[in-house]
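Observations on the three-dimensional arrangement
Next come the chains, spelled out residue by residue.
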Amino acid sequence: MSLLKLKNIYRIYQIGDIEVRALNGVDVDVEKNEYVSIMGPSGSGKSTLMNIIGCLDTPTSGGYELDGMTIHQEIKDGSGIASDDQLAVIRNQKIGFIFQTFNLLPRMTALHNVELPLIYAGVPRLERLERAKAVLESVQLADRMYHRPNELSGGQRQRVAVARALVNDPSIILADEPTGNLDSKTGHDIMNLISNLHERGNTIILVTHEHDIAERASRVINMLDGKIHLDNKKK
Amino acid sequence: MFNQLYESIIIGFKAVFQSKGRALLTMLGIIIGILSVSLMGTAINGIDNVFNQTLGMFGDDVLYVQQFPWFMGDAEWWEFRNRPQIREEYSEKISKRAESISYASVEMNRRVTLSYKENNSEGVDLGGRGWQSAYIDAAKIQSGRYFTQLEDKNASRVILIGSEVHKLLFPNVEDPCGLDIKVNGLKFRVIGVFAEQGKIFGMFSIDNMAVIPFQTLKAVFGRSQWLSISLKTREGFDKDYALEEVRSITRGLRGLRPLEKDNFAINQQEAMEDELGKIKTSIAAVGIGIAALSLLVGGIGIMNIMFVSVKERTKEIGIRKALGAKRWVILVQFLFEAIIIALIGGLIGLGLTSLLVGVVNKFFVASMSLGLVLTAIGVSIGVGIFSGIVPASQAAKLDPIEAMRYE
Ligand SMILES: Nc1ncnc2c1ncn2[C@@H]1O[C@H](COP(=O)(O)OP(=O)(O)OP(=O)(O)O)[C@@H](O)[C@H]1O
Ligand SMILES: [Mg+2]
């Protein structure tokens with residue numbers, strides 16, 4: 001059974017009289033433990049697709065099922081559309097985000113940043129601390145737990161973000177250009193970390209502009225003008 | 001749930017302390033508002049205390065026939081000034097004719113200096129009272145006795161002193177009865193000491209007084225033009241009835257025709273109560289007015305910095321929502337920020353009030369009641385909610401993608 005299923009997805013922005021079709025009929029299935037990378041020119045709809053998969057955004061039309069749950073119905077009968085707060089719960093429990101710009105809270109320590117998803121999941125304090133510390137150790141940041149983001153290097157910040165994405169044991173990890181703001185050496189380190197996650201059984205969807213990074217994945221999707229142009233599964 | 005609530009409160013706290021200066025500035029309105037509310041409450045409280053003291057001075061079943069009413073406007077003063085004087089014999093006549101009056105006494109006052117050996121007490125309010133005062137006066141005698149009818153009739157040189165006079169003249173004598181003191185140089189024998197009654201507004205002691213028989217005062221110092229007749233209502237009679245009876249008898253004594261206005265005043269404690277009520281109402285009106293205005297200004301100030309705070313934290317809100325924060329979590333976070341600012345402002349206001357009350361208390365028996373403190377805290381929280389709810393719900397509704405993009 002597939003982990004996520006997108007059917008005939010449209011995401012249309014109406015700006016005045018102009019209609020922008022950021023997604024123009026997308027169909028994708030992703031299996032559990034797949035490692036998918038998405039490529040394509042700027043403006044082709046990669047981030048828009050990631051946002052919809054990550055439940056940060058809802059499609060204008062189309063069906064979306066995640067882990068057996070209907071997030072959005074292709075033919076609306078009003079019953080299967082998740083509310084704002086339900087989407088928040090799904091993001092909290094099923095999705096781990098890694099962003100290009102890290103998106104850490106600047107005034108908090110690395111540890112507290114990693115704790116955040118657990119706070120919103122209602123995990124008690126002691127368990128929370130223990131889990132957050134364990135994940136930070138697994139990304140080799142045991143000695144940086146009490147540092148704030150501005151006291152960390154770019155690579156370290158992104159490792160905090162990876163730790164934060166992992167801490168809630170999500171079904172999918174979504175990474176939108178995770179190495180975009182890093183030099184190639186640290187970018188390489190982060191990609192090794194992500195490959196490790198895949199080997200340990202995580203499902204990963206990754207957006208990148210770099211071929212050598214995309215080639216690490218077991219499946220490469222190419223987008224063009226809001227549509228899936230090519231979808232190559234390696235064997 | 002409790003975890004998240006706790007977390008939201010902590011975040012709210014931190015947010016306030018990260019921008020202390022700004023928060024303090026906007027607290028000003030709340031501080032002034034709470035200050036005026038609680039000062040008002042304290043003042044009213046103090047007035048009540050004063051009133052309870054005057055209760056001790058004037059019996060609540062006593063009527064006073066006097067030339068002036070206790071409360072009058074400036075304009076009327078000359079009219080009252082030209083009234084005929086109250087005469088000594090009214091006392092006896094009223095008590096004979098009025099069935100509702102059990103005792104009547106005449107009183108006049110003058111300022112004198114009392115001395116005992118090298119000790120002096122100046123500006124003492126010396127009252128010359130009829131012997132019936134023993135049955136009318138509310139003041140209690142702590143030691144000794146009142147003078148008798150005979151002593152009054154014979155103009156005996158006997159004196160009762162207030163507790164303040166006792167302290168000043170006889171700092172080391174527990175019971176001065178039987179000792180001789182001088183009243184403006186004339187020898188008097190102390191026969192009684194009044195119990196302490198306290199101070200009004202902490203300034204003028206009602207215990208700096210002394211009483212001698214009316215006839216003595218008249219014989220020694222002459223007659224004063226200001227006489228007052230005290231009348232005790234007989235038990236079982238309604239005070240309003242007594243008042244009407246006394247009025248018609250006094251009108252008769254004055255020879256007033258039916259349509260002529262009274263040319264005397266009948267005073268009673270109730271009049272004081274009414275007057276204090278009026279003062280309390282006007283203090284309350286002014287206090288509430290100032291408070292409402294400054295709380296409104298303060299509330300709008302807080303609302304304003306809350307909008308700024310939400311703007312500044314837009315990206316943070318986006319990140320939190322992306323990580324699974326529900327709307328109410330964000331709402332509570334910002335609502336608490338507003339409540340904390342208002343509450344700290346309110347507590348500062350209360351603190352200032354208690355400092356001021358501490359100073360004022362030297363003159364004025366005033367106290368901050370627990371109810372007042374709770375009201376002030378409640379009002380602060382209310383202002384916090386009022387000014388935080390709109391910015392907070394705006395924050396809660398932000399779209400996570402757009403919020404995260406905000407720089
Ligand atoms: N909020 C929005 N309002 C209007 N149009 C938008 C909005 N967000 C995205 N778009 C449009 O949708 C299209 C797809 O944008 P998207 O961000 O998905 O591209 P992308 O493939 O991620 O590009 P890049 O590689 O540059 O990140 C673009 O044409 C963009 O202008
Ligand atoms: Mg993009």
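Described in the following lines is the structure provided in the data block. Bear in mind the structure is a predicted one, so any value in this text is a computation, not a measurement. (Residues numbered from 1 in each chain as written. Chains lettered and ligands numbered in written order. Predicted model: local features only at pLDDT ≥ 70, side-chain atom pairs only at ≥ 80, totals over all residues. Heavy atoms only, no water.)

1. Thoughts on the overall build of chain B
Looking only at helices and strands, chain B has 14 helices and 12 strands in total. Taking 407 residues into account, the globule formula puts the C-alpha radius of gyration at 22 Å, and chain B, at 32 Å, lies well above it. With the principal axes as the frame, chain B shows a C-alpha extent of 100 × 60 × 40 Å. For chain B, the proportion of its 407 residues judged to be buried stands at 48%. (Helix = DSSP H or I, 4+ residues; strand = E, 2+ residues; numbered from the N terminus. Rg over C-alpha atoms; globule rule 2.2 N^0.38 Å. Buried < 20%, exposed > 50% of the residue type's maximum accessible area, 1.4 Å probe, protein only.)

2. Topic: the packing of helix 10 (residues 269-312) of chain B against helix 13 (residues 370-396) of chain B
Residues and elements named next belong to chain B. With their axes 9 Å apart at the nearest point, helix 10 and helix 13 run at an angle of 30° to one another. The angle between helix 10 and helix 13 places the two elements in the roughly parallel class. When the axes of helix 10 and helix 13 are compared, the crossing they make is right-handed. Across the interface between the two elements, Leu-295, Gly-299, Ile-302, Met-303, Met-306, Phe-307 and Val-310 from helix 10 touch Val-379, Val-383, Phe-386, Ser-387, Val-390, Pro-391, Gln-394 and Ala-395 from helix 13. When its residues are assigned to classes, the contact of helix 10 with helix 13 shows 12 nonpolar, three polar and no charged. (Axes fitted to C-alpha atoms, helices over the stretch in contact; angles between N-to-C directions. Parallel < 35°, antiparallel > 145°, perpendicular 65-115°, else oblique. Left-handed = near helix turned anticlockwise from the far one by under 90°. Contact = heavy atoms within 4.5 Å. Nonpolar A, V, L, I, M, F, W, Y, C, P; charged D, E, K, R; others polar.)

3. Quick word on the packing of aromatic side chains
All names here are of chain B. If you walk through the whole model with that rule in mind, you get 10 aromatic pairs over all chains. Between Tyr-64 and Trp-70, the aromatic rings sit 5.5 Å apart at their centres with planes inclined by 45°, giving tilted as the arrangement. For Tyr-64, a relative accessible area of 10% translates into the label buried. A residue is classified by how much of its surface remains accessible, and Trp-70, at 23% relative accessible area, is partly exposed. When the ring of Tyr-146 is compared with that of Phe-147, the centres are 4.8 Å apart and the planes differ by 40°; the resulting orientation is tilted. Look at Tyr-146 and you get buried, because its relative accessible area is 11%. Residue Phe-147 is classed as buried on the basis of its relative accessible area of 4%. A network of ring pairs unites the aromatic residues Phe-68, Phe-80 and Trp-226 as a single cluster. (Phe/Tyr/Trp six-rings, centres within 6.5 Å; stacked < 30°, edge-to-face > 60°.)

4. A look at helix 4 (residues 90-97) of chain B
Residues and elements named next belong to chain B. Every buried residue belonging to helix 4 is among Tyr-90, Ser-91 and Ile-94, and all of these are buried. Angular distribution of buried residues about the axis of helix 4 spans 100°; they occupy a single face of the element. Of the residues in helix 4, the exposed ones pointing more than 90 degrees away from the buried face are Glu-92 and Lys-96. Tucked inside the fold, the buried residues of helix 4 contact strand 1 (62-66), strand 2 (101-116), strand 11 (228-233) and helix 9 (239-254). (Arc of directions from axis to C-beta.)

5. What about helix 5 (residues 154-166) of chain A?
Helix length check: helix 5 of chain A, at 13 residues, gives a terminal C-alpha distance of 18 Å against a target of 18 Å (1.5 Å per residue), a fit within 8%. Most of helix 5 of chain A is tucked away: 10 of the 13 residues are buried. Regarding helix 5 of chain A, the residues found buried are Gly155(A), Gln156(A), Gln158(A), Val160(A), Ala161(A), Val162(A), Ala163(A), Arg164(A), Ala165(A) and Leu166(A). On the buried face of helix 5 of chain A, the contacting elements are strand 6 (95-98), helix 3 (110-120), helix 4 (125-138), strand 7 (172-176) and helix 6 (184-199) of chain A together with helix 11 (314-322) of chain B. (Expected span 1.5 Å × (residues − 1).)

6. A word on the interface of chain B and chain A
Reports often express the size of an interface as the amount of accessible area lost when the parts come together. Facing 22 residues of chain B, the contacting portion of chain A comprises 28 residues. Of the roughly 2,200 Å² buried at the junction of chain B and chain A (both faces included), carbon and sulfur atoms supply 56%. For chain B, the biggest contributors to the area lost against chain A are Asn3(B), Glu7(B) and Leu323(B); these three give 26% of the whole. Measuring nitrogen to oxygen at the nearest pair gives 3.6 Å for the salt bridge that ties Asp84(A) to Lys321(B). Taken together, chain B and chain A are joined by six residue pairs in polar contact (both at pLDDT 80 or more). Counting residues per element, the ones that place at least two in the side of chain B that touches chain A are helix 1 (2-18), helix 11, helix 12 (327-360) and helix 14 (400-405) of chain B. Top contributing element to the side of chain B that touches chain A by residue count: helix 11 of chain B, with six residues. (Buried area = accessible area lost by both parts, 1.4 Å probe. Salt bridge = Lys/Arg side-chain N within 4 Å of Asp/Glu carboxyl O. Polar contact = N/O pair within 3.5 Å; in protein donor to acceptor, adjacent residues only side chain to side chain.)

7. What to know about the pattern of salt bridges
Within the structure shown, the criterion is met by 29 salt bridges over all chains. Between Asp189(A) and Lys185(A) there is a salt bridge, with the nearest N and O atoms lying 3.1 Å from each other. Placement of both Asp189(A) and Lys185(A) in helix 6 is noted, with a separation of four residues, approximately one turn of the helix. Judged by its relative accessible area of 32%, Asp189(A) falls in the partly exposed class. When its relative accessible area of 56% is taken as the criterion, Lys185(A) is described as exposed. Across the pair Glu107(B) and Arg129(B) runs a salt bridge whose closest N-O atoms are separated by 3.4 Å. Here Arg129(B) lies in strand 3 (residues 119-129) and Glu107(B) lies in strand 2, a separation of 22 residues in the sequence. Like Glu107(B), the residue Arg129(B) is buried in the burial classification. Taken together, the shared-partner salt bridges in this structure form one network comprising Arg107(A), Arg313(B), Glu316(B) and Arg320(B).

8. Focus: the sheet that holds strand 3 (residues 35-39) of chain A
All names here are of chain A. Spatially, the six strands line up as an open sheet ordered 6-7-8-3-9-10, and their pairing is mixed. On the outer flanks of this sheet lie strand 6 and strand 10 (227-233), each paired with one strand and no other. The sheet shows a mean angle of 15° between the axes of neighbouring strands, taken without regard to direction. Relative to the sheet, helix 6 contacts strand 3, strand 6, strand 7 and strand 8 (203-207), its axis offset from that of strand 8 by approximately 150°. (Pairing = 2+ DSSP bridges.)

9. Here we look at the site of ligand 1
Around ligand 1 sit 15 residues in total, of which Ser42(A), Gly43(A), Lys46(A), Ser47(A) and Thr48(A) are the nearest. At the site occupied by ligand 1, nearby residues are drawn from chains A and B. Within the backbone of Ser44(A), a nitrogen or oxygen atom sits 3.3 Å from an oxygen atom of ligand 1. The fraction of the free accessible surface of ligand 1 (630 Å²) that becomes covered by protein chains is 69%. The element contributing the most residues to the shell around ligand 1 is helix 1 (residues 46-53) of chain A, with three residues. Counted by class, the shell around ligand 1 contains five nonpolar, seven polar and three charged residues. (Near = heavy atom within 4 Å. Areas by Shrake-Rupley, 256 points an atom, 1.4 Å probe, with all protein chains shown as cover.)

These values are about where atoms sit, not about what they do.
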